[in-house]
2 protein chains.
Amino acid sequence: MANQLGNKLNKLRKDKGFTLESLAKAANVSKSYLWELENREVKNPSAQRLAAIAAQLGVTADFFLDDDASQPEEKHLDDAFFRGYKSLGSPEKEQLRKILETFKKS
Amino acid sequence: MANQLGNKLNKLRKDKGFTLESLAKAANVSKSYLWELENREVKNPSAQRLAAIAAQLGVTADFFLDDDASQPEEKHLDDAFFRGYKSLGSPEKEQLRKILETFKKS
DNA sequence: CCTCAAAGTTCGGTATACCGGAAAAAACAT
DNA sequence: ATGTTTTTTCCGGTATACCGAACTTTGAGG
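For the structure given in this document, a descriptive report is provided here. Per chain, residue numbering runs from 1 following the sequence as it is written. The order in which chains are written sets their letters, starting at A; the order in which ligands are written sets their numbers, starting at 1. With pLDDT at 70 or above as the cut-off, local features in this predicted model cover only qualifying residues; side-chain atom pairs require 80 or more to be listed or tallied, and sums for whole chains, interfaces and linings still use all residues. Excluded from the side-chain calculations are hydrogens and water; all other atoms, namely the structure's heavy atoms, are used.

1. Quick notes on the overall build of chain A
A run of DSSP states H or I qualifies as a helix once it reaches four residues; a run of E qualifies as a strand once it reaches two. Both are numbered from the N-terminal end. Each helix and strand in chain A was counted, giving seven helices and zero strands. Reported as C-alpha extents along the three principal axes, the dimensions of chain A are approximately 50 × 30 × 25 Å. In chain A, once contacts between residues fewer than 6 apart in sequence are set aside, the share between residues at least 24 apart is 51%. For the area figures, the Shrake-Rupley method with a 1.4 Å probe applies, and any residue is considered shielded solely by the protein chains shown. Just so you have it, chain A exposes about 5700 Å², and 51% of that area is on carbon and sulfur atoms. By the counting rule applied here, Lys and Arg register as positive and Asp and Glu as negative, while His and the ends of each chain are not counted. By convention, charge coordinates are those of NZ in Lys, CZ in Arg, CG in Asp, or CD in Glu. Seen as two clouds, the 18 positive and the 16 negative side-chain charges of chain A have centres 5 Å apart. Residue contacts are counted whenever heavy atoms from the two residues lie within 4.5 Å of one another.

Now the structure itself:
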């Protein structure tokens, strides 16, 4: 395994139970390229694709960029949650907001 | 001006008093390419370069990736919601996440 | 052992990221 | 207005991102 990005990607993918193909499909990239990202030396993916992959794995694109400090797990969860929330329609969002309010009173 | 990324980039660059050339030098990209990012239709920069540029402008790479599909007012609600969520304790967050998951099935 | 599917790896090709330098256009002096 | 400098726009070329499809490996079940 070649580069920092590749290591993180491979580990995270397996942790989340993705195969190359399933992640490729989910993130809308080819599995061959995904494999290159994990195993080849030089790769320098576009921001969009990296973000798409990161989103599927429940992290932000930055996680792969700042090569050393991994984010605390809690932040991953929060960011993933927010992304999911934003993908909802307005009525569902509204419901969640209501629920949040009741949580905040305790 | 062509695309969302271009708009943000151009505005931010000028706000910070950068010229194409000065920002190019600082972020280690060519000014011609910087110009393309701001003015051409299609561009899809690499994560590394975008991050470098973002850093010089004092923002994170995500700032440019944010597709902000939401209208400005809705976005405001979203952000407020996220702040509220983050202020919760872990168990409450976990509950919200579960609720989110059920919403996402439809 | 053998089979067959699922996972991973390789490869050839096309589109485009990205660059250096030069032209054009502002900006701003004199 | 004319030269000078600073900033923006254009262009030709090379490297590489990214893909589809074919090939190889792995490993569970008979």
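2. Focus: the pattern of salt bridges
Side chains that differ in charge, positive against negative, can pair when their charged atoms come close. Whenever a carboxyl oxygen of Asp or Glu lies within 4 Å of a side-chain nitrogen of Lys or Arg, that contact is scored as a salt bridge. According to the stated counting rule, one finds twelve salt bridges over all chains in the structure shown. Between lysine 98 of chain A and glutamate 94 of chain A there is a salt bridge; the shortest N-O distance is 3.1 Å. One end of the pair, lysine 98 of chain A, and the other, glutamate 94 of chain A, are both in helix H7 (residues 90-104), four residues apart, so they sit about a helical turn from each other. The closest approach of N and O atoms between lysine 11 of chain B and aspartate 15 of chain B, which form a salt bridge, is 3.1 Å.

3. Let's talk about the interface of chain A and chain B
At the interface, 32 residues of chain A touch 34 residues of chain B. On inspection of chain A and its partner chain B, the count reaches two salt bridges. Under the rule applied, a polar contact is a pair of N or O atoms within 3.5 Å (in protein, one hydrogen donor and one hydrogen acceptor; residues adjacent in sequence only if both atoms are side-chain atoms). The tally of links between chain A and chain B comes to nine residue pairs in polar contact (both at pLDDT 80 or more). Looking at the side of chain A that touches chain B, the elements that each hand over two or more residues are helix H4 (47-56), helix H5 (62-65), helix H6 (73-86) and H7 of chain A. Element by element, the count of residues in the side of chain A that touches chain B is highest for H7 of chain A, at ten residues. Grouping the amino acids of the side of chain A that touches chain B by side-chain chemistry returns 15 nonpolar, seven polar and ten charged. Side-chain classes are defined by residue name, with Ala, Val, Leu, Ile, Met, Phe, Trp, Tyr, Cys and Pro counting as nonpolar, Asp, Glu, Lys and Arg as charged, and the others, Gly among them, as polar.

4. Describing the protein's contact with DNA strand D
Definition of nearness: a residue and a molecule or strand are near each other if at least one heavy atom of the residue lies within 4 Å of the molecule or strand. The environment of DNA strand D is formed by 20 residues, the closest being Ser30, Ser32, Tyr33 and Lys43 of chain A together with Trp35 of chain B. Backbone sugar and phosphate groups make up 70% of those atoms of DNA strand D lying within 4 Å of the protein. Within the backbone of serine 30 of chain A, an N or O atom sits 2.8 Å from a phosphate oxygen of DNA strand D. Between DNA strand D and arginine 13 of chain B, the relevant distance is 3.3 Å, taken from a phosphate oxygen to a side-chain nitrogen or oxygen of the residue. Going through the elements one at a time, helix H3 (31-39) of chain A together with helix H1 (4-15) and helix H3 (31-39) of chain B are the ones with two or more residues in the surface near DNA strand D.

5. What about the protein's contact with DNA strand C?
In the vicinity of DNA strand C there are 22 residues, among which Leu20 and Trp35 of chain A together with Ser30, Ser32 and Tyr33 of chain B approach most closely. When the atoms of DNA strand C within 4 Å of the protein are grouped by moiety, sugar and phosphate amount to 63% of the total. Between a phosphate oxygen of DNA strand C and a side-chain N or O atom of threonine 19 of chain A, the distance comes to 3.0 Å. Within the contact set of DNA strand C, a phosphate oxygen lies 2.8 Å away from a backbone nitrogen or oxygen of serine 30 of chain B. At the level of secondary structure, the elements contributing two or more residues to the surface near DNA strand C comprise helix H1 (4-15) and H3 of chain A together with H3 of chain B. If you tally residues by element for the surface near DNA strand C, the top one is H3 of chain A, at five residues. For the surface near DNA strand C, the class distribution of residues is six nonpolar, eight polar and eight charged.

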